Amino acid sequence: MDTKKCNAAKRRIATKKRLCFISATLILVMLITLLFSGCGEVRVNTKKGVYFDTFVTLTAYGCEVPEECIEELKKYDTLFSKTEPDSDIVKLNSAGGKEVNVSDDTLELLNLAEKYRILSGGSFSHLSGALSELWGFKSDKPSIPKDSDINTALESVNKGSVEISGKSVRLTNGAKIDLGGIAKGYIADKIAEIYKNNNVSGIIDLGGNILTVGEKPDGSLFSVGIKNPENTDEVKLKLEFSGGAVVTSGTYERNFTYENKLYHHLLDLSTGYPVDNG
């Protein structure tokens, strides 16, 4: 190779190296700009919707909420619904004691519910569907059931069971499934797994079931407000923490008043009536 060609080749190599360096520098500057845009503030992104008969808000810091989370919400909303004809729960409750094939998720949740029914000594029970149906707090005209009907429903709670064989499930002794006390917590944990797998930090709010994942980018704690039951426009208590959950259920959400007495949806499974502990 003559001297001119050799020098030209050297110049081309040097030019390529400079371009590579400039490109890498620009990419780094762009990343830093994106990360610290907005005067040092990290973008907060949210996705909202109505699932499980409640308002749901998913929040992510510095990135988008994974689309997979929304697909999971839709899936569980169908699987665990008490009204959707094709849901596993509706199929079980309307099977009249016959076996029903259910999904792996439903099996997992039923097993978890049984675990906590035992741990709580029956204070919580996923077999309380007949009793909650009887009170009908979700209906337009809820009313106080007859004592005889309450006793019959309580019998199904106390003597009923869920028999599982493989993927087949059968309810006994008139039991009906109500996963209202555990489903949203289970789903929040599943959404949190997606957050963690995608290195996302943020807040999962499933209508009173609030779960925080990771830490805020600036290192500060998450802040969660608890409503005042007597004035829901007022925050009664503010909790600050990270990597934990806060779950509440208020008597002000679903209730009716009869003869100056408030009847709410939090039922005492020892009496069949709403909890009355002051």
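Data block above holds the structure.
Trainee: Hey, could you run me through the overall build of the chain in this one?
Mentor: When helices and strands are counted, the chain shows seven helices and 12 strands. Residues counted as buried form 36% of the 278 residues belonging to the chain. In the chain, 50% of the contacts between residues at least 6 apart in sequence involve partners at least 24 apart.

Trainee: When you look at the pairing of strand E8 (residues 222-228) in this model, what are you seeing that I'm missing?
Mentor: The two faces of the sheet receive side chains in turn, since in a regular strand these alternate between them. Direction of pairing for E8 relative to strand E9 (residues 231-241): antiparallel, over a ladder of seven bridges. Paired with Ile226 across the strands is Leu237, a residue of E9.

Trainee: Looking at this structure, how should I read the nonpolar core?
Mentor: A general feature of soluble globular proteins is that nonpolar side chains tend to end up buried together. In this structure, Leu58, Leu73, Leu179 and Ile204 are the most contacted members of the largest nonpolar core, which totals 42 residues. Of all the elements in the fold, those that place two or more residues in this core are strand E2 (54-61), helix H2 (67-79), helix H3 (88-93), helix H4 (104-119), strand E5 (168-172), helix H7 (183-197), strand E6 (202-206) and strand E7 (209-213). Examining the composition of this core, we find that eight residues originate from one element, H7, more than from any other. Once residues lying within four places of it in the same chain are set aside, the contact partners of Ile204 are Thr57, Leu58, Ala188, Ile191, Ala192, Tyr195, Asn209, Ile210, Leu211 and Val213. In this structure, Phe137, Phe256, Tyr263 and Leu269 belong to the second largest nonpolar core, which totals 12 residues.

Trainee: Help me understand H4 in this model?
Mentor: In an α-helix, one turn spans 3.6 residues, which is why side chains three or four residues apart end up on the same side. Along its 16 residues, H4 runs 23 Å from first to last C-alpha, staying within 8% of the 22 Å computed at 1.5 Å per residue. Those residues of H4 not exposed but buried are Asp105, Thr106, Leu107, Leu109, Leu110 and Ala113. Among the structural elements, H2, H3, strand E4 (161-165), E5 and H7 are those in contact with the buried residues of H4. Gly121 sits one or two positions beyond H4 and adopts a positive phi of about 65°.

Trainee: Just checking my understanding: could you explain the pattern of salt bridges for this structure?
Mentor: Opposite charge on two side chains permits pairing when their charged atoms draw close. Taken as a whole and assessed by the stated rule, the structure comprises 16 salt bridges. Residues Asp276 and Lys261 are paired through a salt bridge, measuring 3.7 Å at the closest nitrogen-oxygen approach. Taken together, the residues span a long stretch of sequence, with Asp276 in the segment after strand E12 (261-264) and Lys261 in strand E12 at a distance of 15 residues. Among the residues examined, Lys261 registers a relative accessible area of 36% and is labelled partly exposed. Via salt bridges that share partners, Asp53, Lys138 and Arg254 belong to a single interconnected network.

Trainee: Mind showing me how you'd approach the sheet that holds strand E3 (residues 100-101) here?
Mentor: By definition, the strands of a sheet pair up through backbone hydrogen bonds, in either a parallel or an antiparallel sense. As summarised here, the arrangement of the three strands in space is E3-E5-E4, forming an open sheet in which the pairing is antiparallel. Only two strands of the sheet have a single neighbouring strand rather than two, namely E3 and E4. Pairing of E3 with E5 involves two bridges; the strand directions are antiparallel. Note on E5: the bridge partner recorded for Val100 is Val169.

Trainee: Quick question: what am I supposed to make of the packing of aromatic side chains here?
Mentor: Aromatic rings considered in pairs are described by the distance between their centres and by the relative angle of their planes. In total, this model carries 10 aromatic pairs according to the counting rule given. A centroid spacing of 6.1 Å and a plane angle of 65° characterise the contact between Phe80 and Tyr186, whose relative ring orientation is edge-to-face. Within this pair, whereas Phe80 is found in the loop between H2 and H3, its partner Tyr186 is found in helix H7, the two being separated by 106 residues in sequence. Residue class for Phe80 comes out buried when judged on its relative accessible area of 9%. Each member of the aromatic cluster is reached from another via a ring pair, and the members are Trp135, Phe137, Phe256, Tyr263 and Tyr273.

Trainee: Sorry if this is basic, but what is going on with the side chain of Ser81 here?
Mentor: Note on placement: Ser81 falls in the loop between H2 and H3. Polar contacts involving the side chain of Ser81 include one to the main-chain amide nitrogen of Thr83, which spans 3.0 Å. In this structure the side chain of Ser81 is engaged in a polar contact, spanning 2.9 Å, whose partner is the backbone nitrogen of Glu84. Discounting residues that sit within four places of it in the chain, Ser81 has contacts with Tyr76, Ser87, Ile89 and Val90.

Cut-offs used in this document
- Residues numbered from 1 in each chain as written.
- Predicted model: local features only at pLDDT ≥ 70, side-chain atom pairs only at ≥ 80, totals over all residues.
- Heavy atoms only, no water.
- Helix = DSSP H or I, 4+ residues; strand = E, 2+ residues; numbered from the N terminus.
- Buried < 20%, exposed > 50% of the residue type's maximum accessible area, 1.4 Å probe, protein only.
- Contact = heavy atoms within 4.5 Å.
- Pairing = 2+ DSSP bridges.
- Core = buried A, V, L, I, M, F, W, Y, C linked by side-chain atoms within 4.5 Å.
- Expected span 1.5 Å × (residues − 1).
- Salt bridge = Lys/Arg side-chain N within 4 Å of Asp/Glu carboxyl O.
- Phe/Tyr/Trp six-rings, centres within 6.5 Å; stacked < 30°, edge-to-face > 60°.
- Polar contact = N/O pair within 3.5 Å; in protein donor to acceptor, adjacent residues only side chain to side chain.

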